[in-house]
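Structural characterization, general
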Amino acid sequence: MSSAIGTEDLKIVGSRPLRPDGVDKVTGRARYGADVSLPGQLIGKVLRSPHPHARILAIDTSLALALPGVKAVVTRDDFPDMPDEYAAAGELTINYRDVTRNMMAREKVLYDGHPVAAVAAISESVAREALKLIKVDYQVLPHVIDVREAMRPDAPLLHEAQYTEGVSPKPDKPSNIAKRLEFSRGDVAAGFARAEVIVEREFNTQPVHQGYIEPQACLASTTEDGQVELWTSTQGHFMFRAQCAKLLQMEVSRIRVTPTEIGGGFGGKNNIYNEPLAIVLSRKSHRPVKMVMSREEVFRATGPTSGGNVKVRLGATKDGRITAAFAELNFQAGAYPGSSVAPASMCAFTRYDLDNVRVIGHDVTCNRPKVAAYRAPGAPIAAFAVESAIDELAGKLAIDPIEFRLKNAAREGTQTYYGPKLGTIGYVETLEAARAHPHYRAPLGPDQGRGVATGFWFNIGGETSATVNINEDGTVALMHGTLDVAGGSRAAMAMMVAEELGIPFEQVRPIVGDTAVLGFNFITAGSRGTFAGGMACVTAARQAIDRLRTRVAAIREVPVEAVIWKDGQARPAEGSAIRFEPMSLAQIARLAGKTGGTIAGHAEINAQGAGPGFGTHIVDVAVDRETGAIRVLRYTAVQDVGRAIHPAYVEGQLQGGVAQGIGWALNEEYVYGADGVLQNPGFLDYRIPVASDLPYIDTVLVEVPNPNHPYGVRGCGEVPIIAPLAAIANAVSHALGIRLCDLPLSPPRVARAIADRPA
Amino acid sequence: MARISLSSGLALYTGGETAIELEVGNVRQLFAALGERYPELASRLETEIAVAIDGEIYQDALLQKIAGASEVFLFPKIAGG
Amino acid sequence: MARHHVRATVNGDAVEFLCETGQTLLEALRDELRLTGTKEGCGTGDCGACSVMLDGRLVCSCLVLGVEAEGRSIETIEGMAVGEALHPLQQKFLEHAALQCGICTPGILIAARALLERNPDPTEAEVRDGLAGNLCRCTGYHKIVEAVLAAAREMRGA
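Quick caveat: nothing in here was measured; it's all calculated off a predicted structure.

Remarks on the overall build of chain A
What chain A contains, in helices and strands, is 19 helices and 28 strands. Since a compact globule built from 759 residues should have a radius of gyration of about 27 Å, the 27 Å found for chain A is in line with a globular shape. Projected onto its principal axes, the C-alpha coordinates of chain A cover approximately 85 × 75 × 55 Å. Considering only contacts within chain A whose residues lie at least 6 apart along the sequence, 78% involve residues at least 24 apart. When the accessible surface of chain A is split by element, carbon and sulfur atoms take 50% of a total near 24,800 Å². Each charge class in chain A was averaged separately, 78 positive and 82 negative side chains, and the resulting centres sit 0 Å apart.

Quick look at the structure:
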């Protein structure tokens, strides 16, 4: 779909109207997962493993079931076992055999917090009491938390039948390395042989949680004839329906999922956790069952993203041309295979035009919660390592870091090492805008440093549906199936529809359609909301316009070719000899019922042609040499967003992504004890940035339109989290004159690096 | 004939081959031809593979046309958070 | 389980509810009085999503027991707009795009109003310190700080 509209004609796209969901959200009306209730509902609670690794010998629920007020208990015996079966669900393909085991442990528990049973009771306090009465007989097994330890041949093994995929010949011994991937192009050895300067480093990052403020929450109601209604906080209600149907061996038509307002997701709400448990508890108790996670449960058993160990080697000639690039990425997948190591491997070096590249990735299981997608899954980890090495290489060559990137930058037509040639992209434009920004030349004080880093993300399209209903007064009900995961995509979609129809933005009311009223929609992930959702809404609006033109042609008794749509009216085509009285949308709508029926436009598409996004970030930090504390003084994020439909909401995506990246760089980490138990499952000890930790985050929106989208949209939500890790590490390294390779750059770690510095 | 390139990681399932020429009219025909030629690759094609045709990336687009002299790349599918 | 009869004032209205000894004020507001505008993000007083005013003092309602509300006055997000008119903070949050998912917004609005009652002319740093007990994962706080400063200007008539 490519009939792009020129900027000069746009009336609504590019403006800043107030979001349609705004008043509900500032008044407390908006209903999130935990805000939905039904008469007679029970409260469901989950019993979780206290061990990081153990065999379940027996589960006795009889005492819990006997407790007054307990209406149902479920364990592994209440769910069908699933064979290996793969499906796309967010970052990587999921395996239903693993999904059912992660939702409710079967043979073994594989992490602290792994569900082993669930109860439904008349109150939360009774449900909690019942959990204490469930007896689980465990045979505790040795565990492994660290990714490098998990890769050793003698490490405790999570999956006895897991043989490393992607190696030849096939291994004869099982391993925690679930998969090995390799991407290569050119001759890396020859490239390094030609290099005059080489940088080689090893980097480590810790798992971090998506940190959405709303814990997972759902409410299920099952009828005696097997119909299920499910309300849940999700990034993809159709995907949740598909997963519940598969896991419970139900027909899809028997499950209706209504998404609630979502209190943050960032990839963490792509997959089901409690939903199938709530459905079966409801089926067994004949009552609605509501399940709301505690924050501790969110930390112990949902998300996080992988921790990563990344080795990088880069070589360049003295004039600043990179001759070879190598990286090995070892990613924690958590309890089941499926980390983001594949996309991370594919975007590690994609910002550069390189002849000789080799990237090896390992997907490694260990006794941690199964990782979930997190905003540009894997890319920040890869970019932290590569952009740190690029910075060091530029330093060794005495070339300005932006200039060095420009010398090697990917452009339109650059051949990637993982597959296609890049299309129209704006990487160079972001580098040039960053170099021209006053921030880049501002003076620095003592113990201060400036860092630069860049990010790339693919962005995706995918299955998408929308309906544009022309109401009887000419206003519009827009029903879309790509959830607004809060970035403001529903405002952007309504803006594009208003632009197409030529009516005021306020006359288009967008709502999210539930799974019963629209065709399938993929999850809102991969920065596809405004891109793919917008494409579907524009397609539906154009179909409605075609039908409006046809109707006016019939009413005015003229050929349809003589009718055009402009400025909210059906009018005679310019230059046409056939004249007639124009009709406004409201006039047509009022007559629609008497002239053939109401008018609507639909779109059921699989959106193709997503435009990759690139960003360049500049950050200044101050380091307290005594405590090791780092303060972010100034931050500028430059990004090619294709076209900003609603610039304020696009800026918000950049600012939010940067803040998450700053947390990842400076504070956030999962801390495990020697016992394999998570020690910081709360916001007190898992510290995400607060208002007083951050400066204003300046944004520069570069617009190199995506030629495949009617309004030039690229996804914009994920790119901004990629560069901050390396940008901050580079800034700290410049402030101290020490290269720091392990995140987070928390005060103890930085203080130690200062103390350990060779005199 | 379209020029087909496979991402290096897929070489494991093709006996090392990463570049071939095929006479195919769309992605479905491409997958069928590749699956026949490389049985180990067959099960991965529809679930794990994205296709770039002359620089444009297509995912889950079996009916997408492939013109005679197209440059086609196969590589792992992408999603996101 | 025995339940206690509690009488309190919520957003100016006299209310009565029953709650268990261990139930928090947050649970009483949400589950007994059905005022779900106040959110639970952590249950441990770390995120500020459940901020309410208790006798004019800003508290995390997850750290107050329901029975402690006896005879006291509580203000929640549901009482912030007066009739047709949004509070200037609510209006500025909309105009400055200071919310995304919105789950932290009720708590931040309550905390921001408390801040401006204490300090009608705060600096940027004072706004950031004043809201440091309220976590937001979406916005990076940039537009929140701008919105609070804009509301303060308007409320001062500046």
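The structure having been displayed, the exposition proceeds.
Let's talk about the pattern of salt bridges
All names here are of chain A. Inspection of the entire model under this criterion finds 60 salt bridges over all chains. With its nearest N and O atoms 2.8 Å apart, the salt bridge here joins Arg101 to Asp81. Separated by 20 residues along the polypeptide, Arg101 in helix 3 (residues 96-103) and Asp81 in the loop between strand 3 (70-74) and strand 4 (86-88) bring together distant segments of the chain. For Asp81, a relative accessible area of 39% corresponds to the partly exposed category.

Notes on the interface of chain C and chain A
Contacts between the two partners involve 46 residues from chain C and, on the opposite side, 53 residues from chain A. Together chain C and chain A conceal approximately 3,900 Å² of surface at their shared face, both sides included; 59% is due to carbon and sulfur atoms. For the chain C face of the interface with chain A, the top three residues by lost area are Leu94, Gln100 and Arg137 of chain C, together amounting to 20%. Here chain C is connected to chain A by four salt bridges. Glu668 of chain A is the partner of Arg137 of chain C in a salt bridge, and the nearest nitrogen-oxygen pair spans 2.8 Å. Elements with a contribution of two residues or more to the side of chain C that touches chain A: helix 2 (88-95), helix 3 (105-118), helix 4 (124-130) and helix 5 (142-156) of chain C. Classifying every residue of the side of chain C that touches chain A gives 21 nonpolar, eleven polar and 14 charged.

Topic: the domain arrangement of chain C
All names here are of chain C. Domain parsing of chain C yields domain 1 (3-79) and domain 2 (88-156). Domain 1 and domain 2 are separated by 22 Å when their C-alpha centres are compared. Contacts between domain 1 and domain 2 engage 13 residues on the former and 13 residues on the latter. At the boundary of domain 1 with domain 2, total buried surface from both sides reaches about 1,000 Å², with 64% on carbon and sulfur atoms. Between domain 1 and domain 2 we count one salt bridge in total. Note that Glu75 and Arg113 form a salt bridge whose closest N and O atoms lie 3.3 Å from each other. For the pair domain 1 and domain 2, the interface holds five residue pairs in polar contact (both at pLDDT 80 or more). Broken down by element, the side of domain 1 that touches domain 2 gets its largest block of residues, three residues, from strand 3 (residues 51-54).

Examining the interface of chain B and chain A
Listed as interface residues are 25 residues of chain B and, on the opposing side, 38 residues of chain A. Summed over both partners, the interface of chain B with chain A buries about 2,200 Å², with 55% contributed by carbon and sulfur atoms. The tally of links between chain B and chain A comes to two salt bridges. Residue Glu71 of chain B pairs with Lys421 of chain A through a salt bridge whose shortest N-O separation is 3.3 Å. Our count for the chain B to chain A interface comes out at eight residue pairs in polar contact (both at pLDDT 80 or more). Looking at the side of chain B that touches chain A, the elements that each hand over two or more residues are helix 2 (39-48), strand 4 (56-58) and strand 5 (71-76) of chain B. Across the side of chain B that touches chain A, the residue classes break down as eleven nonpolar, eight polar and six charged.

With respect to the sheet that holds strand 2 (residues 54-60) of chain A
Residue and element names in this part refer to chain A. In spatial order, the strands read 6-2-8; together these three strands make up an open sheet with antiparallel pairing. The sheet is open, and its two edges are formed by strand 6 (108-109) and strand 8 (135-140), each paired on a single side. Two strands pair when backbone bridges link them, and strand 2 and strand 6 are joined in this way by two bridges, in the antiparallel orientation. From the neighbouring strand, Ala54 faces strand 6, where its bridge partner is Val109.

Digging into the domain arrangement of chain A
Residues and elements named next belong to chain A. Each domain of chain A was delimited in the assignment, giving domain 1 (7-30 + 461-607) and domain 2 (378-459 + 611-756). Computed over C-alpha atoms, the centres of domain 1 and domain 2 are 37 Å apart. Both faces combined, the contact of domain 1 with domain 2 buries some 1,800 Å², and carbon together with sulfur accounts for 60% of it. Per-residue buried area on domain 1 facing domain 2 is highest for Arg16, Ser527 and Phe531; these three make up 31% of the total on that side. Our count for the contact surface shared by domain 1 and domain 2 stands at one salt bridge. Here Glu651 makes a salt bridge to Arg16, at a shortest N to O gap of 2.9 Å. Taken together, domain 1 and domain 2 are joined by eight residue pairs in polar contact (both at pLDDT 80 or more). Secondary-structure elements contributing two or more residues to the side of domain 1 that touches domain 2 are helix 14 (489-501) and helix 15 (529-556). For the side of domain 1 that touches domain 2, a count of residues per class yields twelve nonpolar, nine polar and five charged.

Some details on the sheet that holds strand 15 (residues 308-316) of chain A
All names here are of chain A. On the basis of which strands lie adjacent, the open sheet formed by five strands has the order 9-17-16-15-10 and mixed pairing. Looking at which strands have only one partner, the edges of the open sheet turn out to be strand 9 (177-185) and strand 10 (197-205). Averaged over neighbouring strand pairs, the angle between their axes works out to 10 degrees when direction is ignored. Pairing geometry for strand 15 and strand 16 (residues 322-334), over nine bridges, is antiparallel. Its bridge partner being in strand 16, Lys311 is matched across the sheet by Glu328.

Rules used in this analysis
- Residues numbered from 1 in each chain as written.
- Chains lettered and ligands numbered in written order.
- Predicted model: local features only at pLDDT ≥ 70, side-chain atom pairs only at ≥ 80, totals over all residues.
- Heavy atoms only, no water.
- Helix = DSSP H or I, 4+ residues; strand = E, 2+ residues; numbered from the N terminus.
- Rg over C-alpha atoms; globule rule 2.2 N^0.38 Å.
- Contact = heavy atoms within 4.5 Å.
- Areas by Shrake-Rupley, 256 points an atom, 1.4 Å probe, with all protein chains shown as cover.
- Lys, Arg positive; Asp, Glu negative; His and termini not counted.
- Charge placed at Lys NZ, Arg CZ, Asp CG, Glu CD.
- Salt bridge = Lys/Arg side-chain N within 4 Å of Asp/Glu carboxyl O.
- Buried < 20%, exposed > 50% of the residue type's maximum accessible area, 1.4 Å probe, protein only.
- Buried area = accessible area lost by both parts, 1.4 Å probe.
- Nonpolar A, V, L, I, M, F, W, Y, C, P; charged D, E, K, R; others polar.
- Domains from an automatic or database assignment.
- Polar contact = N/O pair within 3.5 Å; in protein donor to acceptor, adjacent residues only side chain to side chain.
- Pairing = 2+ DSSP bridges.
- Axes fitted to C-alpha atoms, helices over the stretch in contact; angles between N-to-C directions.

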